[in-house]
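Examining the three-dimensional arrangement
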Amino acid sequence: MNKKLALYAVPLLALSLAACSTDKDEKKEETKVEEPASDTTNDSSSSSSSTDSSKDDSSTNEKVAEQPYKKMDLDVEYDKGDYTFEYEKKSNGDVAEIEDERDNTKKTGDEALGELQPIVEKFTFDQNSSDEEVKKQIMDNIKIDDNYKSIKLEVKFDDGKEKEYKFVK
């Protein structure tokens, strides 16, 4: 009986340790400021195992780290109804909601979060970005029909400042 237990326990323990070490590596990458390439020699085992995935992970982490948004509300007005979304970063997890009055759909929870998170992660604008840059990023990353009447984006930044962008066609 002890042999069977050991047979199952050893692989589970190995997986648990591997999962823990991966989480620590990712947390280090998230908090680390870009440093020269010579920093990769600190731990040869982690650098060799994460070399392939570090390019994807670090670029994603950099985008997330660059995002100074605490909350976003977007309203795109059309003749036949509005498309709206709300996205908010909270300490216990991000919250999202999407509503499209044109086809009477509403998404909340994980479904809305799964759709909005990749979009928000692509945004790179900040408080100092021009209105034209903000509009370009909205148009490039959100499927907005050409027949929109207006676009209104309200952003609350991490430092508490709020900014409103409005684009009328």
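Described below are features of the structure shown in this document. Every value quoted in this text rests on a predicted model; they were computed, and no experiment measured them. (Residues numbered from 1 in each chain as written. Predicted model: local features only at pLDDT ≥ 70, side-chain atom pairs only at ≥ 80, totals over all residues. Heavy atoms only, no water.)

Let us look at the overall build of the protein. Along the backbone of the protein there are four helices and six strands. Put simply, the protein runs from its N terminus to its C terminus through helices and strands in the order α-α-β-β-β-β-α-α-β-β. Out of the 169 residues belonging to the protein, those deemed buried represent 22%. Excluding contacts between residues fewer than 6 apart, the proportion of contacts in the protein whose partners are at least 24 apart in sequence is 45%. (Helix = DSSP H or I, 4+ residues; strand = E, 2+ residues; numbered from the N terminus. Buried < 20%, exposed > 50% of the residue type's maximum accessible area, 1.4 Å probe, protein only. Contact = heavy atoms within 4.5 Å.)

Turning our attention to unusual backbone geometry. If you check the backbone angles, Asn-104 has positive phi at about 50° while not being a glycine. Tracing the sequence through the fold places Asn-104 in the loop between β3 (95-100) and β4 (105-108).

Summarising the element assignment, Gln-117 is placed in helix α3 (residues 109-122). Note: C-alpha distance between Gln-117 and Ala-96 (21 residues apart in sequence) is 8.5 Å. Leaving out residues up to four positions away in the same chain, Gln-117 has contacts with Tyr-87 and Asp-94. A distance of 3.1 Å separates a polar atom in the side chain of Gln-117 from a polar atom in the side chain of Asp-94. (Polar contact = N/O pair within 3.5 Å; in protein donor to acceptor, adjacent residues only side chain to side chain.)

The next subject is the nonpolar core. Formed by 28 residues in total, the largest nonpolar core has its most connected members in Met-72, Leu-74, Phe-85, Phe-125, Ile-138, Ile-142 and Leu-153. Secondary-structure elements contributing two or more residues to this core are β1 (69-78), β2 (81-88), β3, α3, α4 (131-141), β5 (150-157) and β6 (162-168). (Core = buried A, V, L, I, M, F, W, Y, C linked by side-chain atoms within 4.5 Å.)

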